[in-house]
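So the chains spell out like this:
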Amino acid sequence: MSQLPHLHEASAHHAADASRSSAPATGRVVIISAGVGAGHDGAAAQLALRLAGLGLAVDRWDFLDLIPAGLGPLVSECYRRLLTIAPSAYQRIYSSTESTGRPGPLIRLIQRSTHRRLLRRLPPDTRAVVATYPIAGQVLGSLRRRGRLTVPAAVYLTDFSVHPLWVAPGVDLHLAAHPVPAGQARAHGAERVAVAGPVVDPRFTPTTGALRTAARERFGLPPGAPLALLVAGSWGVGEVAKVAAEVRATGAAVPVVVCGRNRALAERLRADGVEHAFGWVEDMPGLMHACDVLVQNAGGLTSLEALSCGLPVVSYRCIPGHGLTNAAALDQAGLAPWVRDPAELASVLAAMVDGPAGRRYREAGLALHRDASGPAAAIAAVAGAAPADTPPDTAPQPLIPTQRQHPGRRAAPAPPSQSPRQSRRPGRRLGVAVASLTATAWLSTAGTQLAVAYGGFDALDAEHTGRAYLVVHPPHGGHLDDATLHALSAVKAAVSIDTAEAAADPGEVRRFAAAGLTLVNAGYGPPYQTGIVTRRDSVEAGAGALRSATGAAGAFFLSGRDVDALDLGLAAYHHERLVVPDLRIACGSTATPRLKPGQIVLVECGSADPAGLSTTLNRLLTSHRPPRLGALTSLS
């Protein structure tokens, strides 16, 4: 590995001074980010601008383009769907890799598949390679350890917290925005760490009164009201609608929501009465200048941009994985409070908008940017970039060996006996393809069922609540009397509605909603199936029937245990969580089952007499020491 200049937390300042006083540097730096969200690319773009300002040529690559067979977009889409459809599963993956400190087999396979493609694309005058994406950093570290990459490699940590996958053995330098992530990187084994500060677009300038007034007029925002800017990344993930409603309910600020490229979310918020809901916003500096506080759930680049504007940041209802760890790190650094209890939201927002705490956080955010030299000078120093007058014969050698050939002569192919691996490659590729298809089919069916059975893929998990949860599928064609409705409401029961019932008697459905009962989409009814082969439109039909009857879709979908990938995708599209009952009881049954804590119990009435429901309820609620009953909404 090449010798590096001594770098530590303070050395970035000296490197910046040296770069200003010396001749312009020459050479090339390659930056590898990834199109998963916008944070990695945003940091890469700003690094490229700063390195170009130091006289270096810069190439930017997307790591996803290095993945063979054009599978990069699929990797990105799988990640997005994990966050939106199965956040609990994403949290488990994140936690497992955090505890082991090493990538899983799939990530390792992706890493190995990119090695040769990366080396072949590096120009001969490359002086350093920088990753702003953790898997790209792992690839660079692996190549450096094996001696296949002969120039320094650096990783710029775009997250404020450091997952172990960010730390790549073999990488020459890890660059952090603040001492807190720098300390976490060292704790995970990083040998060389420098605190160089954040990199954000220079348009994110400190807010002034004139900027605020002009921005509010430009965006059509109320001129005198306190405004809370809600962000959820470029994909609009997380509990955005719930946060917007809670912010509005506090009365401390008017919610202004940026949904990124999630148009469906923006439309849903407007339908819910959120007046200021935007899609993708090009002028984010202006929108930040217009607002008084930022409420975020991921802790990425947007938080650092807000701090650069002097806009105080609050972390609330964070997404799993990096959202939670980033919130903890920002809180530890004294840059953004993390609100864990919804009851504290109103007081924290009020303090951030107009209070001494808000002024302290504004100053801390501005100081983070004002006192940092930025990572570009440190990268240039690591690259050992030569001055502009360096003789041409000192240019670096090609990074991988090339075969010499006579001009105009084609190289003869190697005989099969000299390359047994090549001769086996077609059969191996076929085996990999068959195995991949088999694994995909299993994951879409049996694997999905297994994950849902253990509370994964955003299925409601009542196991550790100490309560039971009651769902009633009411009798078809029969009206429940007021006493039964009152009894259901008293025990916080939910009522499942299928398409036939909603179409036949929408007035009864509205009566259930008016009684305060939680409505659950039951699709086409028993056996509550959807699937790749049959009943594929039951989620869609049920959601539409509820919307027609009440004006709003439900938040839950009642499903059997035969769930598959289609169930998950359709339920997520309609913003419904899966309700999979642990126990089914026929309405009017003479049996008296004992309820247990952690159960979701379904009472099915079908064509039974409505009076049978009262009998069944009485048996359930008078069984021996029944557990407390809870509302499904408490699990969401």
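Residues numbered from 1 in each chain as written. Predicted model: local features only at pLDDT ≥ 70, side-chain atom pairs only at ≥ 80, totals over all residues. Heavy atoms only, no water.

**Notes on the packing of helix α10 (residues 240-250) against helix α15 (residues 345-353)**
Here comes step 1: Orientation of α10 relative to α15, taken along the N-to-C sense of each, is 70°, at an axis distance of 9 Å. Here α15 runs roughly perpendicular to α10, going by the angle between their axes. Within the contact between the two elements, α10 uses Glu246, Val247 and Thr250 and α15 uses Leu345, Ala346 and Leu349.
Here comes step 2: Classifying every residue of the contact of α10 with α15 by side-chain character gives four nonpolar, one polar and one charged. (Axes fitted to C-alpha atoms, helices over the stretch in contact; angles between N-to-C directions. Helix = DSSP H or I, 4+ residues; strand = E, 2+ residues; numbered from the N terminus. Parallel < 35°, antiparallel > 145°, perpendicular 65-115°, else oblique. Contact = heavy atoms within 4.5 Å. Nonpolar A, V, L, I, M, F, W, Y, C, P; charged D, E, K, R; others polar.)

**Concerning the nonpolar core**
A general tendency of soluble globular proteins is for nonpolar side chains to be buried together.
Here comes step 1: Ranked by internal contacts, the top residues of the largest apolar core, which has 41 residues, are Ile32, Phe63, Leu118, Leu122, Val129, Leu140 and Leu149.
Here comes step 2: Those elements giving two or more residues to this core turn out to be β2 (28-33), α3 (63-66), α6 (105-121), β4 (126-131), α7 (134-145), β5 (153-156), α8 (179-187) and β7 (193-195).
Here comes step 3: The element contributing the most residues to this core is α7, with five residues.
Here comes step 4: Once residues lying within four places of it in the same chain are set aside, the contact partners of Leu140 are Ile32, Leu118, Val129, Val130, Ala131, Leu149, Ala153 and Ala154.
Here comes step 5: Counting residues in each nonpolar core, the second largest holds 33 residues, with Ala215, Val231, Ala290 and Ala306 among its members. (Core = buried A, V, L, I, M, F, W, Y, C linked by side-chain atoms within 4.5 Å. Buried < 20%, exposed > 50% of the residue type's maximum accessible area, 1.4 Å probe, protein only.)

**As for the packing of α15 against helix α16 (residues 356-370)**
Here comes step 1: In the contact formed by α15 and α16, the axes pass within 5 Å of each other and the chain directions differ by 65°. Here α15 and α16 pass one another in a crossing that is right-handed. Contact residues: Ala351, Met352 and Val353 in α15; Ala357, Gly358, Tyr361 and Arg362 in α16.
Here comes step 2: The residue makeup of the contact of α15 with α16, split by class, is five nonpolar, one polar and one charged. (Left-handed = near helix turned anticlockwise from the far one by under 90°.)

**Here's the deal with the sheet that holds strand β3 (residues 57-62)**
Here comes step 1: Read across the open sheet, the six strands follow the order β3-β2-β4-β5-β6-β7; overall the sheet is parallel. The strands lining the two open edges of the sheet, one partner per strand, are β3 and β7. Averaged over all pairs of adjacent strands, the angle between their axes in this sheet comes to 25°, without regard to strand direction.
Here comes step 2: Here strand β6 (residues 173-176) pairs with β7 via three bridges, running parallel. By the bridge assignment for β7, Ala176 is matched with Val195.
Here comes step 3: Strands β2, β3, β4 and β5 of the sheet are contacted by helix α2 (residues 39-53), whose axis makes an angle of about 170° with β2. (Pairing = 2+ DSSP bridges.)

**Some remarks on the pairing of strand β8 (residues 227-231)**
Here comes step 1: Burial analysis of β8 places five of its five residues in the buried class, which makes it a mostly covered element.
Here comes step 2: Where burial is concerned, the two faces of β8 agree: the one with Leu227, Leu229 and Val231 and the one with Ala228 and Leu230 are both buried.
Here comes step 3: Relative to strand β9 (residues 254-258), β8 is paired through five bridges, and the arrangement is parallel. Bridge pairing links Leu227 to Val254 in β9.

**Regarding the environment of Leu460**
Here comes step 1: Inspection of the secondary structure puts Leu460 in the loop between α19 (446-453) and β15 (468-473).
Here comes step 2: What makes Leu460 buried here is its relative accessible area of 8%.
Here comes step 3: As for Leu460 and Pro581, which are separated by 121 residues in sequence, their C-alpha atoms are 9.6 Å apart.
Here comes step 4: In contact with Leu460, not counting residues within four places along its chain, are Phe556, Arg577, Leu578, Val579, Ile600, Leu632 and Leu635.

**Re the pairing of strand β11 (residues 293-296)**
Here comes step 1: Burial along β11 is two-sided: Val293 and Val295 and Leu294 and Gln296, pointing in opposite directions, are all buried.
Here comes step 2: Alignment of β8 against β11, held across three bridges, turns out to be parallel. The residue of β11 that forms the bridge with Leu230 is Val295.
Here comes step 3: Traced from β11 through helix α13 (residues 301-308) to strand β12 (residues 313-316), the parallel crossover comes out right-handed. (Right-handed = clockwise from strand over helix to strand, strands pointing away.)

**Description of the pattern of salt bridges**
Here comes step 1: One pass over the structure, following the stated rule, counts 13 salt bridges.
Here comes step 2: Here Arg218 and Asp283 are joined by a salt bridge, their closest N and O atoms 3.1 Å apart. Here Arg218, found in helix α9 (residues 209-219), pairs with Asp283, found in the loop between β10 (276-278) and α12 (284-290); they are 65 residues apart in sequence, far enough to count as distant.
Here comes step 3: Its relative accessible area of 27% is what places Asp283 among the partly exposed residues.
Here comes step 4: Taking the shortest distance from any N to any O, the salt bridge between Glu246 and Arg317 comes out at 2.7 Å. In this pair, Glu246 is assigned in helix α10 and Arg317 in the loop between β12 and α14 (322-332), connecting sequence segments 71 residues apart.
Here comes step 5: Arg317 gets classed as partly exposed once you look at its relative accessible area, which sits at 23%.
Here comes step 6: Here the salt bridges do not stand alone but share partners, grouping Glu239, Lys242, Glu246 and Arg317 into one network. (Salt bridge = Lys/Arg side-chain N within 4 Å of Asp/Glu carboxyl O.)

**Looking at empty space enclosed by the protein**
Rolled over the atoms, a probe as big as a water molecule pinpoints where empty space is left.
Here comes step 1: Throughout the structure, instances matching the rule amount to two cavities of 30 Å³ or more.
Here comes step 2: Volume-wise, the largest cavity comes out at about 80 Å³.
Here comes step 3: If you trace the largest cavity, you find it lined by Leu230, Val231, Ala232, Gly238, Glu239, Val240, Val243, Val295, Gln296, Asn297, Tyr316 and Arg317.
Here comes step 4: Put simply, the parts of the chain that give the lining of the largest cavity at least two residues each are β8, α10 and β11.
Here comes step 5: Residues that form the lining of the largest cavity fall into these classes: seven nonpolar, three polar and two charged.
Here comes step 6: Reported here for the second largest cavity is a volume of approximately 40 Å³.
Here comes step 7: For the second largest cavity, the full set of lining residues is Leu157, Thr158, Asp159, Phe160, Ala177, Gly299, Gly300, Ser303, Leu304 and Leu330.
Here comes step 8: When the residues that make up the lining of the second largest cavity are grouped by side-chain class, the tally is five nonpolar, four polar and one charged. (1 Å grid on protein atoms, 1.4 Å probe; cavity = no way out; pocket = protein on both sides within 12 Å on 5 of 7 lines; lining within 4 Å. Points joined across faces, edges and corners; volume = space filled by probe spheres on them.)

**Re α8**
Here comes step 1: Turning to α8, its buried residues number three or more, namely Val180, Pro181, Ala182 and Ala185.
Here comes step 2: Elements that come into contact with the buried residues of α8 comprise β6, β7 and α14.
Here comes step 3: Positive backbone phi, at 105°, marks Gly189, one or two positions downstream of α8.

**What to know about the sheet that holds β10**
Here comes step 1: The sheet built from six strands is open, its strands ordered β10-β9-β8-β11-β12-β13 with parallel pairing. The open sheet is flanked by β10 and β13 (338-339), the only strands paired with a single partner.
Here comes step 2: Alignment of β12 against β13, held across two bridges, turns out to be parallel. Looking at β13, one finds that Tyr316 is bridged to Val339.
Here comes step 3: Across the sheet, α10 touches β8, β9, β11 and β12, and the angle it forms with β9 is around 160°.

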